[in-house]
Amino acid sequence: MDTIDNPLLITASHSHEYWLESVKHGGCFILAETVLNEWIPSISDELTQGRGEACRLYWGEAGRIHGSISPYLLPVTTDNWSQIEEEVCYQDGWGVAIILDKQQNALTPAQQFNALLSHLRQWTVVDTNDGQQVLRLSDWQVLSTLLQASDAQALFALFGQIDGFMYIRPEQAKKETDDKRTLAPWQSLQALNKQPVEVDAKWPKTLSQPQQLALAQMTRKEQYQEYQAHLHQHHGETKEWNDKQMWAFIEEQMTLSTGFGFNNPQDKVRFLSLSVVFGQDFVEQPWAKSVLTQNKQKGAVGKMDKLHEAAMTQLS
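Parameters at a glance
Residues numbered from 1 in each chain as written. Predicted model: local features only at pLDDT ≥ 70, side-chain atom pairs only at ≥ 80, totals over all residues. Heavy atoms only, no water. Axes fitted to C-alpha atoms, helices over the stretch in contact; angles between N-to-C directions. Helix = DSSP H or I, 4+ residues; strand = E, 2+ residues; numbered from the N terminus. Parallel < 35°, antiparallel > 145°, perpendicular 65-115°, else oblique. Left-handed = near helix turned anticlockwise from the far one by under 90°. Contact = heavy atoms within 4.5 Å. Pairing = 2+ DSSP bridges. 1 Å grid on protein atoms, 1.4 Å probe; cavity = no way out; pocket = protein on both sides within 12 Å on 5 of 7 lines; lining within 4 Å. Points joined across faces, edges and corners; volume = space filled by probe spheres on them. Nonpolar A, V, L, I, M, F, W, Y, C, P; charged D, E, K, R; others polar. Salt bridge = Lys/Arg side-chain N within 4 Å of Asp/Glu carboxyl O. Buried < 20%, exposed > 50% of the residue type's maximum accessible area, 1.4 Å probe, protein only. Polar contact = N/O pair within 3.5 Å; in protein donor to acceptor, adjacent residues only side chain to side chain. Patch = residues over 30% accessible without salt bridge, like charges linked within 9 Å, V, L, I, M, F, W, Y side chains within 5 Å. Areas by Shrake-Rupley, 256 points an atom, 1.4 Å probe, with all protein chains shown as cover. Disulfide = S-S within 2.5 Å.

Draft legend 1. Layout of the packing of helix α9 (residues 209-234) against helix α11 (residues 265-278). At their nearest, the axes of α9 and α11 sit 11 Å apart, and the two run at 45° to each other. The angle between the axes of α9 and α11 places the two elements in the oblique class. Here the hand of the crossing between α9 and α11 comes out right-handed. Contacts from Y227, H230 and L231 of α9 reach α11 at P265, K268, V269, L272, S273 and V276.

And the structure:
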């Protein structure tokens, strides 16, 4: 994982047999991501004999409005694992696996499920400096980034009754044949010397500044990687740039584009392309200045559309 090192976390790689043995002992769940797998609600219904909605993380008004993109909590057993493995865990962005701590063994499977669902729901919506935001713990990158940026109290609060989070990368699993699939490694995250913490009744939870900063940096890195992929695809010369040169270019041009009011990703991508074709200082050229210095746009054509039209005129 490309995140900050947190001495409070234990990171490890486990065999498939380790996971299967955990499933055999009980207390295992999959927090399944629906954004990239639209079949999760129907899979949940099938696994629970039509009670799939009870597995949905979003509830109440949020569940009514955003139910189609809500993660689902699926109990894993030796009987249903093969189906979940095939239909959920080998899809891109499938979610995360959860193993409860041994103290939860005293509870019935239904009690384990209800307690875990309640715990995860506490972290569905969080307070940040930018207001309330949805926190998708079903995204392994989000989860691992958040845990890596947490102090002891925040870390133990996030783990709650959970012993460990696990994840298997689908691209690794897909490389294996059916006979060798058990060799695909699982990553795991556990809290070192986890201690029980007093349950904070406050809702929504508030993310700390380090947690917010880490998530913001993760989001920015993902965006920059998408911009880099676009430049490589449409501007072959950028493939010769090293990482330092590429990221410095994107950082500078993103700051510049925001200053001119280009805030949506589509406009930013077009701004980057213009910067490659006409040079990083193209905004100082007369044809660009004549568009960028206009405070108000008339008609339905936006500033970026006009800038692009002016650029095409220069190339004709």
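Draft legend 2. Main features of the pairing of strand β5 (residues 125-128). In terms of strand pairing, β5 meets strand β6 (residues 131-134) through four bridges, oriented antiparallel. Paired with V126 across the bridge in β6 is Q133. Where β5 folds back onto β6 in an antiparallel hairpin, the turn is made up of two residues.

Draft legend 3. Region of interest: empty space enclosed by the protein. On inspection of all chains with the given rule, the structure shows one cavity of 30 Å³ or more. Its boundaries defined by the atoms lining it, the largest cavity holds a volume of some 40 Å³. Surrounding the largest cavity, H14, Y18, I99, D163, G164, M166, S188 and Q190 form its lining. Mapped by element, the contributors of at least two residues to the lining of the largest cavity are β7 (162-167) and β8 (186-191). Among the elements that take part in the lining of the largest cavity, β7 stands out by supplying three residues, more than any other. Of the residues that constitute the lining of the largest cavity, the class distribution is three nonpolar, four polar and one charged.

Draft legend 4. Seen up close, the pattern of salt bridges. If you walk through the whole model with that rule in mind, you get seven salt bridges. The partner of R136 in a salt bridge is E33, and the shortest N-O contact between them spans 2.3 Å. With a gap of 103 residues between them, R136 in the loop between β6 and α6 (140-148) and E33 in the loop between β2 (28-32) and α2 (40-47) connect regions that are remote in the sequence. For the pair shown, R136 and E33 are each scored as buried. Here K194 ties to D101 by a salt bridge, and the two come within 3.4 Å at their closest N and O atoms. Highlighted residues: K194 in the loop between β8 and β9 (205-206) and D101 in the loop between β4 (95-100) and α5 (109-121), separated in sequence by 93 residues. For K194, a relative accessible area of 27% corresponds to the partly exposed category. The buried category is assigned to D101, whose relative accessible area is 13%.

Draft legend 5. Layout of the pairing of β2. Buried residues dominate β2, accounting for five of its five residues. Covered by surrounding structure in β2 are C28, I30 and A32 together with F29 and L31, the residues of both alternating faces. Bridge count between β2 and strand β3 (residues 72-76): five bridges; the pairing is antiparallel. Counted as the bridge partner of A32 is Y72 from β3. Bridge count between β2 and β4: five bridges; the pairing is antiparallel. Counterpart to I30 in the pairing with β4 is A97.

Draft legend 6. Highlighting the environment of Y58. By the secondary structure assignment, Y58 is in the loop between α2 and α3 (60-66). Spatially, the C-alpha atom of Y58 lies 9.5 Å from that of S68, the residues being 10 residues apart in sequence. Beyond its immediate stretch of four places on either side in the chain, Y58 contacts G63, H66, I69, S70, P71, R121, T124, V134 and R136. Reaching out from Y58, the side chain makes a polar contact with the side chain of R136 at a distance of 2.8 Å.

Draft legend 7. Layout of a nonpolar patch on the surface. Together, V35, L36 and I69 make up an exposed nonpolar region whose accessible area comes to about 280 Å². One can find V35 in the loop between β2 and α2.

Draft legend 8. Broad picture of the environment of Y167. One can find Y167 in strand β7. Given a relative accessible area of 9%, Y167 falls into the buried group. For the pair Y167 and A12, spaced 155 residues apart in sequence, the C-alpha to C-alpha distance is 11 Å. Sequence-distant contacts of Y167, that is, excluding residues within four places in its chain, are made with W94, G95, W140, P185, W186 and Q187.

Draft legend 9. How the structure looks around the state of the cysteines. Tallying each qualifying case throughout the model produces zero disulfides. Here C28 is not cross-linked by a disulfide; its sulfur's nearest cysteine counterpart is in C89, at 11 Å. The exposure class assigned to C28 is buried, which follows from its relative accessible area of 1%. C55 carries a free sulfur, and the closest cysteine sulfur to it, the one in C89, is 15 Å from it. In this structure C55 comes out as buried when scored by relative accessible area, which is 3%.

Draft legend 10. Geometry of unusual backbone geometry. With a phi angle near 55°, Q49 is a residue other than glycine that sits in the positive phi range. Take Q49: it is sitting in the loop between α2 and α3. Since its relative accessible area comes to 65%, Q49 is described here as exposed. The backbone of N193 sits at a positive phi, close to 50°, despite the residue not being glycine. As for its position among the elements, N193 is in the loop between β8 and β9.

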